[in-house]
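# Understanding the architecture of this molecule
The chain contents come next:
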Amino acid sequence: MDRNDGRTKYILRGEGAGSVFVIDEKTGNIHVTKPLDREEKDEYRLIATATDRQTERPLEPSSQFIIRVQDINDNPPVFDEGPYSATVPEMANIAWLLQLLHYGCY
């Protein structure tokens, strides 16, 4: 319903709205303000609404969505024994390298 005439205002509500997530009220683009940590919070439930800037009435039904934070291994590797040695073939794919590191298959 946005005609790009400046009359549409986008509003964001829900967990983390205005602090973790901000919305550009003119474009509706949502941005994250800080890195997300799954150990801190694994999902956020948000509601975005497009309203008429003058009347504050919704222009269409609100959109509800869930942002699920994926876990990454953000801990440094720890090697209990060593030294380790490995041979990596040229052009090895990443899955093979990860298996090598994870299982110590060398």
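Check the entry above for the structure.
Computed from a predicted model, the values in this text were never measured in an experiment.

The rules behind each value
- Residues numbered from 1 in each chain as written.
- Predicted model: local features only at pLDDT ≥ 70, side-chain atom pairs only at ≥ 80, totals over all residues.
- Heavy atoms only, no water.
- Helix = DSSP H or I, 4+ residues; strand = E, 2+ residues; numbered from the N terminus.
- Pairing = 2+ DSSP bridges.
- Axes fitted to C-alpha atoms, helices over the stretch in contact; angles between N-to-C directions.
- Salt bridge = Lys/Arg side-chain N within 4 Å of Asp/Glu carboxyl O.
- Buried < 20%, exposed > 50% of the residue type's maximum accessible area, 1.4 Å probe, protein only.
- Polar contact = N/O pair within 3.5 Å; in protein donor to acceptor, adjacent residues only side chain to side chain.
- Contact = heavy atoms within 4.5 Å.

### Thoughts on unusual backbone geometry
The backbone of glutamate 56 shows a phi angle near 65°, a positive value even though the residue is not glycine. Within the secondary structure layout, glutamate 56 lies in the loop between β4 (43-52) and β5 (63-68).

### Thoughts on the sheet that holds strand β1 (residues 8-14)
An order of β1-β4-β5 is seen for the three strands of this open sheet, with the pairing classed as antiparallel. The open sheet has two edge strands, β1 and β5, and neither has a second partner. Strand after strand, the sheet turns through a mean of 25° between neighbouring axes, direction not considered. As paired strands, β1 and β4 are joined by seven bridges and run antiparallel to one another. When the bridges of β4 are listed, isoleucine 11 appears paired with threonine 49.

### Considerations on the pattern of salt bridges
The full count for this structure, using the stated rule, is six salt bridges. The residue arginine 7 makes a salt bridge to aspartate 52 at a minimum N-O spacing of 3.0 Å. With arginine 7 in the segment before β1 and aspartate 52 in strand β4, the pair connects residues that are 45 residues apart, well separated along the chain. Look at aspartate 52 and you get buried, because its relative accessible area is 10%. A salt bridge links glutamate 40 to lysine 34, with the nearest nitrogen and oxygen atoms 3.7 Å apart. What you see here is one network of salt bridges that share partners, running through Glu43, Arg45 and Arg68.

### Focus on the side chain of glutamate 43
Structurally, glutamate 43 can be placed in strand β4. Of the polar contacts made by the side chain of glutamate 43, one reaches the side chain of arginine 45; its length is 3.1 Å. Apart from the residues within four sequence positions on either side, glutamate 43 is in contact with Glu15, Ile66, Ile67 and Arg68.

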